[in-house]
Amino acid sequence: MDSPSSSGDSLTARMIPRHSSLDSFGAMKVVQLVNLASIRVSKAELRQRVMLPKYLRLAIRDCILRKDDSSSASSSSSYVTPEVPLMVFVNPKSGGRQGPLIKERLQNLISEEQVFDLTEVKPNEFIRYGLGCLEVLAAQGDDCAREIRERMRIVVAGGDGTVGWVLGCLGELNVQNRQPVPPVSIMPLGTGNDLSRSFGWGGSFPFAWKSAIKRTLYRASVAPISRLDSWNILITMPSGEIEDPPYSLKTTQECIIDQSLEIAGELPPSRNGYEGVFYNYFSIGMDAQVAYGFHHLRNEKPNLANGPIANKIIYSGYGCSQGWFMTHCTNDPGLRGLKNIMTLHIKKLDSSEWEKVPVPKSVRAVVALNLHSYGSGRNPWGNLKQDYLEKRGFVEAQADDGLLEIFGLKQGWHASFVMVELISAKHIAQAAAIRLEIRGGEWKDAFMQMDGEPWKQPMSKDYSTFVDIKRVPHQSLVVKGD
């Protein structure tokens, strides 16, 4: 057991001032938040609350189709601005492939133009042309368009990767100085749904999803808003490219390596870069390898992926087949400890100095975690006692504290005990910034993932790959479901 932990201890002492992750924006009536699940809302009442006027729905749709944010739509004083306009993004591959049925139900409840299939309309296209359309009309004096742009909230129906994709695109509004940024609600259709669990939207969508959709839309329109740290990741690699990278990882020309740090391997003479944003976790090692294999198996045989329970059974079985439990590490260099190929540097909160942190010898997966939920609702960092926090120089973990919790998993049996919360993971550090140097050597590939989206990272035998992680200046906004 790596550390003492207790779920009932009061962690009132602080070594560093923290912000609460439950800060609410705007005054909310308490009565709105009591027993939301039991509130009955008619379709007419829901539409009155969240549906856009028809002329704006059509204007947004046409702008996205034309890929042009200019619009000649004309307003009228007779239009009533909805109290909390909602736009919904649906991943049709999520929810045991029930996405198309869920999309149809959503379109029936609010309107066809306010529900977007992510295979047809990407979130960045909606932000550029859909929100752009509202901003253009508002600049022309359309008060209804201006109020809708200011009040809008987003609902994402999908897994953690889908939610992270949408949050990342919305974050570009801060870069473009196009505030306010709409807050996001979650309809959990993925396998793990850790982002959803962390903000009170549950670990899975109810079997009686037809009635649950209406309640979810209502909750999305009345619940308070919380803050969430966002983390930028920059991967600098020798020339080459990542095959089939996740949506949230894009190529970049920024491949600057901080050479003031000790470099264990060789700098690549030519470099390619990938950049992205994550909200829950980044990991490297065996857990990402299992996730990568599972995703490919699910895509090759979609009939196997007919729901969260089936997914988890397949996931567990695939973990056994990949050497996470049984295969001897001598059989394959890729199954050996990460200490052999990885160097870890961190910056602590309010510090500008890099510090080298040893990677435990036995660790085969390293995770940098932002939330309390990982691996379908587990808390591998643990609820640590105050004396242990002080001894290690740690502070209580929060979702908006500017820190990532870095821990290791040794092998499948250790990970299993961690996941049932019999023990905590191998605590490594808390960090406000992270630098990983990964030396290829005998490893042809390293497996990585962020927010449930894995990829195979090609490695060079001669040159190092670098992963830099730092907090995004602007926090994301997520609606609290509970």
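Above this text sits the structure in question.
Predicted model only: the values in this text are computed from it and were never measured.

**Student:** Lay out the pairing of strand β3 (residues 153-158) in plain terms, naming residues and giving numbers.
**Tutor:** When you tally the buried positions in β3, you get six out of six residues, the bulk of the element. The side-chain alternation of β3 yields two buried faces, one formed by Arg153, Val155 and Ala157 and the other by Ile154, Val156 and Gly158. Where strand β1 (residues 86-90) meets β3, five bridges bridge the pair, whose relative direction is parallel. Of the residues in β3, the one forming a bridge with Leu86 is Arg153. Note that β3 and strand β4 (residues 184-188) share five bridges and pair parallel.

**Student:** Residue-level account of the nonpolar core, with values.
**Tutor:** Residues Leu56, Leu106, Phe126, Ile154, Ile213, Leu217 and Leu228 are the most contacted members of the largest nonpolar core, which totals 71 residues. Setting aside anything within four residues of it in sequence, one finds Ile213 in contact with Ile102, Arg105, Leu106, Leu109, Met187 and Phe205. Among the nonpolar cores identified, the runner-up in size contains 36 residues, and Leu249, Ile284, Leu344 and Ile406 belong to it.

**Student:** Let's hear about the sheet that holds strand β16 (residues 445-450): which residues, and what values?
**Tutor:** Spatially, β14-β13-β12-β9-β16-β17 is the arrangement adopted by the six strands of the open sheet, whose pairing is antiparallel. Each edge of the sheet is formed by a strand with only one pairing partner; in this case those strands are β14 (426-431) and β17 (453-458). For this sheet the average axis-to-axis angle between neighbouring strands, irrespective of direction, equals 20 degrees. Two strands pair when backbone bridges link them, and strand β12 (residues 365-369) and strand β13 (residues 404-409) are joined in this way by five bridges, in the antiparallel orientation. Bridging from a neighbouring strand, Val367 pairs with Phe407 of β13.

**Student:** With reference to specific residues and values, describe the pattern of salt bridges.
**Tutor:** Taken as a whole, this structure holds 15 salt bridges when the rule is applied. One salt bridge connects Glu83 with Arg49, and the closest N-O pair in it is separated by 2.9 Å. You can see Glu83 sitting in the loop between α2 (54-66) and β1 and its partner Arg49 sitting in helix α1 (residues 43-50), a full 34 residues away along the chain. Owing to a relative accessible area of 47%, Glu83 belongs among the partly exposed residues under this scheme. With a closest N to O distance of 3.4 Å, Asp117 and Lys103 form a salt bridge. Within this pair, whereas Asp117 is found in strand β2 (residues 115-117), its partner Lys103 is found in helix α3 (residues 99-109), the two being separated by 14 residues in sequence.

**Student:** Any chance you could break down the packing of α2 against helix α4 (residues 123-139) for me, citing the residues and the numbers?
**Tutor:** Close contact between α2 and α4 brings their axes to 9 Å; oriented N to C, the two are set at 135 degrees. By the angle between their axes, α2 is oblique relative to α4. As α2 runs across α4, the sense of the crossing is right-handed. On α4, the residues touching Leu56, Ala59, Ile60, Cys63 and Ile64 of α2 are Glu125, Phe126, Tyr129, Gly130, Cys133, Leu134 and Leu137.

**Student:** Any details on unusual backbone geometry? Residues and values, ideally.
**Tutor:** Omega for the bond connecting Gln179 with Pro180 falls within 30 degrees of zero, at 0 degrees, which places this linkage in the cis form. Looking at where Pro180 falls in the secondary structure, it is placed in the loop between α6 (160-175) and β4. Even without being glycine, Asn193 reaches a positive phi, approximately 55 degrees.

**Student:** Any details on the side chain of Thr343? Residues and values, ideally.
**Tutor:** Looking at the secondary structure, you find Thr343 in strand β10 (residues 342-347). Overall, the relative accessible area of 8% leaves Thr343 in the buried class. A distance of 2.8 Å separates a polar atom in the side chain of Thr343 from a polar atom in the side chain of Arg439. Beyond its immediate stretch of four places on either side in the chain, Thr343 contacts Ala264, Lys356, Arg435, Leu436, Glu437 and Arg439.

About the thresholds
- Residues numbered from 1 in each chain as written.
- Predicted model: local features only at pLDDT ≥ 70, side-chain atom pairs only at ≥ 80, totals over all residues.
- Heavy atoms only, no water.
- Buried < 20%, exposed > 50% of the residue type's maximum accessible area, 1.4 Å probe, protein only.
- Helix = DSSP H or I, 4+ residues; strand = E, 2+ residues; numbered from the N terminus.
- Pairing = 2+ DSSP bridges.
- Core = buried A, V, L, I, M, F, W, Y, C linked by side-chain atoms within 4.5 Å.
- Contact = heavy atoms within 4.5 Å.
- Axes fitted to C-alpha atoms, helices over the stretch in contact; angles between N-to-C directions.
- Salt bridge = Lys/Arg side-chain N within 4 Å of Asp/Glu carboxyl O.
- Parallel < 35°, antiparallel > 145°, perpendicular 65-115°, else oblique.
- Left-handed = near helix turned anticlockwise from the far one by under 90°.
- Polar contact = N/O pair within 3.5 Å; in protein donor to acceptor, adjacent residues only side chain to side chain.

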